[in-house]
Amino acid sequence: MSGRRSAKLLVIVSQDDSRKLLLPDGIPESVDELIEKVREAFGLNCRFRLQYQDKDFGDVFVNLTDTGELESLGTLKIIPLPDKDSFTAQTNDGTQSNDDALSSVDSGDTDDTIILSPSGSETVSTRNQQWPKEFNIPRFSYDTELQLERGNALFKANGTRLTVTPKMKSDILEKVCDEIYKYKSYPSSANFCEVSEALIKKHPCLAEKGSFNGCYGWTQRLKMKMGNLRTQLKGLGCPEYLVNSLKTKATDHAFPAKNVKRSKRGEANHIPSLPAGETSANLEVERLALLKEVKKRNNVMTIREKMTKTFALRRQEIVENQPSVQELQERWPALFQQEEINAEFLCITTLPLQSRFMASLDRQSSQLLQVIRSKGGVLREKTKDTIEVMDQSLDIDIRRECLLKCLIMYLGEDASCLIKEYQADQREEVEFEREFEKTTMAFFVIRESDALSRALDISIVIDGVEVLNELPSVACACAMMFGLIYALNLKYPEGLKYTFEAFQKIIMDIESKQMSRRVQNLSSKLQE
């Protein structure tokens, strides 16, 4: 152990509690040793397991079984396990122990896999991961693989390209398109280029003459094959494609390229199929039962189960019919609970929401603040007071709030359009009510006095309707609003489109390969 380099790990203890773990002797050789290190460092007495962010699966949290998967500056997540004393045991002096930090972690926000693929709700078309950082070319049929193996050897020896037979070409295109569909139903041109480049990289003998990278022809063939696959699946009743059929569109929108409903922000399960054996009528009965369950107390698990079961029905309704926020509140009131927003986001994107948002914001905070401080001119004047508040406060929630405000201003947008701050005695004023009613998307922060005081209440307002209140912090409100945009299939607000793009592509790392110039500029500076 003495010969090892020291390591640092970010440990997510609960939704709003992330801590740094210093390991002077490096990462332990066994998981049990690491658990003991975490237990000692944070004074935890309960049973728990650890998850780590797996880069192969888009940084999804996966159970840790081998510490060899970890690197310094990685992220761990603590998953509480039930024991005979539960998590509310008290210490000898009568005060609650550190276990309370763990017990506050909702089961839906920790055991992500439970929400994503519950028993009986997963279908063949359910996607369980985001588009990979590096696309993996699948294995083809035995005779195709044999020809490719010989072709690659010849190409390496003398540069001879393989002559692809129609049967072989069909096999390659079919298998690759099936692999593409595991991640996306409507891949972009950049996705197709990425796949064809991965194909040539793995099998260089397939490179074509007359193309600058040897794969232009394969890119076009994959696009055509994917189009044929969409037509085939639409004929089989796949809702992702039926929704864009001319027969289902209104008369004034009956054009192939008009009002196409597709995933645009990394939604893995944008319009999922209904669970096997279920019908819209059956799930409507579940929805009506859910309305009664929401009114009961201490009913989290039943609500979670029914929300998960009706996920496909809800998504089809939201994407196809585009109901108003008020209608959705009446039909799906559980969707506007903090725990269910986390669960819904996980089902849609396969990624955790609040824990990922907070951990990424904390991890990039020092570099982000450094980039903001380095700017002069008008931006320095605008951020001066906010940075001063940040420097004076030791409260993690206020520091995160100040950092988010500075981020908005750095991107050239108005922080007051998103974060509307009022004092407690202004709630009853006519101006407050008028501002509330005309708000398209923002959250209202009510404080007792100055900016250094903790908020009395934080509520999210969409289209003049309060959808969530009593949130613990502005950073949490940002995460919840971002989750609601996905859950309700809303567009980013026009005056804050760069802010939410930064939330998506820099903080949450969703579809981060394509950015606007402004957000790309910030991303590049953060990586310097």
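Model, not experiment: these values are computed from the prediction. (Residues numbered from 1 in each chain as written. Predicted model: local features only at pLDDT ≥ 70, side-chain atom pairs only at ≥ 80, totals over all residues. Heavy atoms only, no water.)

Can you lay out the sheet that holds strand β4 (residues 60-63) for me, pointing to particular residues and giving the numbers?
Taking strand neighbours across the sheet as the criterion, the five strands line up as β2-β1-β5-β3-β4 in an open arrangement whose pairing is mixed. Looking at the sheet topology across the chains shown, the edges are occupied by β2 (17-23) and β4. For this sheet, the mean angle separating the axes of adjacent strands, direction not counted, is 35°. In terms of strand pairing, strand β1 (residues 7-14) meets strand β5 (residues 74-80) through four bridges, oriented parallel. Among the inter-strand pairings, V11 is bridged to a residue of β5, identified as L76. Contacting β1, β2, β3 (48-54) and β5, helix α1 (residues 31-42) runs over the sheet at an angle of about 115° to β2. (Pairing = 2+ DSSP bridges. Helix = DSSP H or I, 4+ residues; strand = E, 2+ residues; numbered from the N terminus. Axes fitted to C-alpha atoms, helices over the stretch in contact; angles between N-to-C directions. Contact = heavy atoms within 4.5 Å.)

Residues and numbers for the sheet that holds strand β7 (residues 441-447), please.
Spatially, the four strands line up as an open sheet ordered β6-β7-β8-β9, and their pairing is mixed. Each edge of the open sheet is held by one strand with a lone partner, namely β6 (419-423) and β9 (465-468). Neighbour to neighbour, the strand axes of the sheet diverge by 35° on average, direction disregarded. Pairing of β6 with β7 involves five bridges; the strand directions are parallel. Within β7, the position partnered with Q423 by the bridge is R447. Across the face of the sheet, helix α20 (residues 474-487) comes into contact with β6, β7, β8 (455-462) and β9 while running at roughly 160° to β7.

Give a description of the confidence of the model for the protein chain that names residues and reports values.
If pLDDT is low for a region, its predicted coordinates should not be looked at in detail. Of all residues in the protein chain, 87% have pLDDT values of 70 or greater, and the mean over the chain is 85. Within the model, pLDDT remains below 50 along residues 83-120, and this stretch shows 73 contacts once partners closer than five positions in the same chain are excluded. (pLDDT = per-residue confidence, 0-100.)

Before we move on, could you go through the nonpolar core and cite the residues and values that matter?
F443 and I460 are the most contacted members of the largest nonpolar core, which totals 83 residues. Tallying contributions element by element places α20 first for this core, with 13 residues. When residues no more than four places from it in sequence are discounted, the contact partners of I460 are A442, F443, V465, E466, V467, L468, L471, A477, M480, M481 and L484. Judged by nonpolar contacts, the second largest core, of 30 residues, contains I137, F192, C205 and C238. (Core = buried A, V, L, I, M, F, W, Y, C linked by side-chain atoms within 4.5 Å. Buried < 20%, exposed > 50% of the residue type's maximum accessible area, 1.4 Å probe, protein only.)

Can you lay out a negative patch on the surface for me, pointing to particular residues and giving the numbers?
A surface patch of like charges, here negative, comprises D425, E429, E431 and E448. With respect to the helices, strands and loops of the structure, E431 is situated in helix α19 (residues 430-438). (Patch = residues over 30% accessible without salt bridge, like charges linked within 9 Å, V, L, I, M, F, W, Y side chains within 5 Å. Areas by Shrake-Rupley, 256 points an atom, 1.4 Å probe, with all protein chains shown as cover. Salt bridge = Lys/Arg side-chain N within 4 Å of Asp/Glu carboxyl O. Lys, Arg positive; Asp, Glu negative; His and termini not counted. Charge placed at Lys NZ, Arg CZ, Asp CG, Glu CD.)

I'd like a description of the packing of helix α15 (residues 354-374) against helix α16 (residues 377-392), backed by residues and values.
Close contact between α15 and α16 brings their axes to 10 Å; oriented N to C, the two are set at 140°. Taken together, the axes of α15 and α16 lie oblique to each other. Considering how the two elements wind past one another, α15 and α16 form a crossing that is left-handed. Residues L369, I372, R373 and S374 of α15 lie in contact with α16, whose contacting residues are R380, T383, I387, M390 and D391. (Parallel < 35°, antiparallel > 145°, perpendicular 65-115°, else oblique. Left-handed = near helix turned anticlockwise from the far one by under 90°.)

Give a description of the pairing of β3 that names residues and reports values.
Among the seven residues that make up β3, six are buried, leaving the element largely enclosed by the rest of the structure. When β3 meets β5, the two strands line up antiparallel, connected through five bridges. The residue of β5 that forms the bridge with Q51 is K77. Across four bridges, the pairing between β3 and β4 is antiparallel. When the sheet's bridge partners are listed, Q53 is paired in β4 with F61.

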